[in-house]
Amino acid sequence: MTSESRIGRHFLRLAVFVLAGGIALTSVAQDKPGPPALDSESWDLFRRVFGMILKDYVDPKAPREIIRGALEGAAAAAGPESAYISPEELAA
């Protein structure tokens, strides 16, 4: 098994873990309104920017590198108590 497929499996496990945790927290806090669903306009914007970076950025970037940066930024935007933990960091 390649290192990349192992990383992919760890990433999938992390995503499932985060999703399961979110579902569990949602069921505990039923009286609090949940976050609004991300609308298609926001996803379209993300896809357009992602594509522009891949196509036009001065230094070529791997898609995985761009996604990781987006995840780190999303976690940082959530607040100082939040952080994205990559599959590599999780395995260490």
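The structure contained in this document is the topic of the report that follows. (Residues numbered from 1 in each chain as written. Predicted model: local features only at pLDDT ≥ 70, side-chain atom pairs only at ≥ 80, totals over all residues. Heavy atoms only, no water.)

**Side note on the overall build of the protein**
Moving on, step 1. Regarding its fold elements, the protein presents four helices and zero strands.
Moving on, step 2. Ordered by position in the sequence, the α and β elements of the protein form the string α-α-α-α.
Moving on, step 3. Residue burial in the protein is summarised as follows: out of 92 residues, 9% are buried.
Moving on, step 4. Across the protein, the fraction of contacts at a sequence separation of at least 24, relative to all contacts at a separation of at least 6, is 41%.
Moving on, step 5. Of the roughly 7,600 Å² that the protein leaves accessible, carbon and sulfur atoms contribute 66%. (Helix = DSSP H or I, 4+ residues; strand = E, 2+ residues; numbered from the N terminus. Buried < 20%, exposed > 50% of the residue type's maximum accessible area, 1.4 Å probe, protein only. Contact = heavy atoms within 4.5 Å. Areas by Shrake-Rupley, 256 points an atom, 1.4 Å probe, with all protein chains shown as cover.)

**Brief notes about the packing of aromatic side chains**
Moving on, step 1. Taken as a whole and judged by the stated rule, the model has two aromatic pairs.
Moving on, step 2. Relative to Phe 46, the ring of Trp 43 has its centre 6.4 Å away and its plane inclined at 85 degrees; by these criteria the two rings are edge-to-face. Separated by three residues within a single helix, Trp 43 and Phe 46 lie in helix α2 (residues 40-56), roughly one turn from each other.
Moving on, step 3. With a centroid separation of 6.2 Å and an interplanar angle of 15 degrees, the aromatic rings of Phe 46 and Phe 50 are classed as stacked. With Phe 46 and Phe 50 both in helix α2 and four residues apart, this pair spans about one turn of that helix.
Moving on, step 4. Taken together, the ring pairs connect Trp 43, Phe 46 and Phe 50 into an aromatic cluster. (Phe/Tyr/Trp six-rings, centres within 6.5 Å; stacked < 30°, edge-to-face > 60°.)

**Observations concerning helix α3 (residues 63-78)**
Moving on, step 1. Taking 1.5 Å of rise per residue, the 16 residues of α3 would be expected to cover 22 Å, and the 23 Å separating its terminal C-alpha atoms lies within 8% of that figure.
Moving on, step 2. The positive-phi residue at the C-terminal boundary of α3 is Gly 79, with phi of around 145 degrees. (Expected span 1.5 Å × (residues − 1).)

**A look at the layout of surface pockets**
Moving on, step 1. Reported here for the second largest pocket is a volume of approximately 190 Å³.
Moving on, step 2. Every residue lining the second largest pocket is listed: Leu 71, Ala 74, Ala 75, Ala 78, Ser 82, Ala 83, Tyr 84 and Ile 85.
Moving on, step 3. The residue inventory of the lining of the second largest pocket, partitioned by class, reads seven nonpolar, one polar and no charged. (1 Å grid on protein atoms, 1.4 Å probe; cavity = no way out; pocket = protein on both sides within 12 Å on 5 of 7 lines; lining within 4 Å. Points joined across faces, edges and corners; volume = space filled by probe spheres on them. Nonpolar A, V, L, I, M, F, W, Y, C, P; charged D, E, K, R; others polar.)

**A word on the pattern of salt bridges**
Moving on, step 1. Counted under the stated rule, the structure contains six salt bridges.
Moving on, step 2. Of the charged contacts in the structure, one is a salt bridge between Glu 88 and Arg 68, with a shortest N-O distance of 3.5 Å. Of the two residues, Glu 88 is situated in helix α4 (residues 87-91) and Arg 68 in helix α3; the sequence distance between them amounts to 20 residues.
Moving on, step 3. We classify Glu 88 as partly exposed; its relative accessible area is 37%.
Moving on, step 4. Look at the salt bridges and you will find they share partners, linking Arg 68, Glu 72, Glu 88 and Glu 89 into a network. (Salt bridge = Lys/Arg side-chain N within 4 Å of Asp/Glu carboxyl O.)

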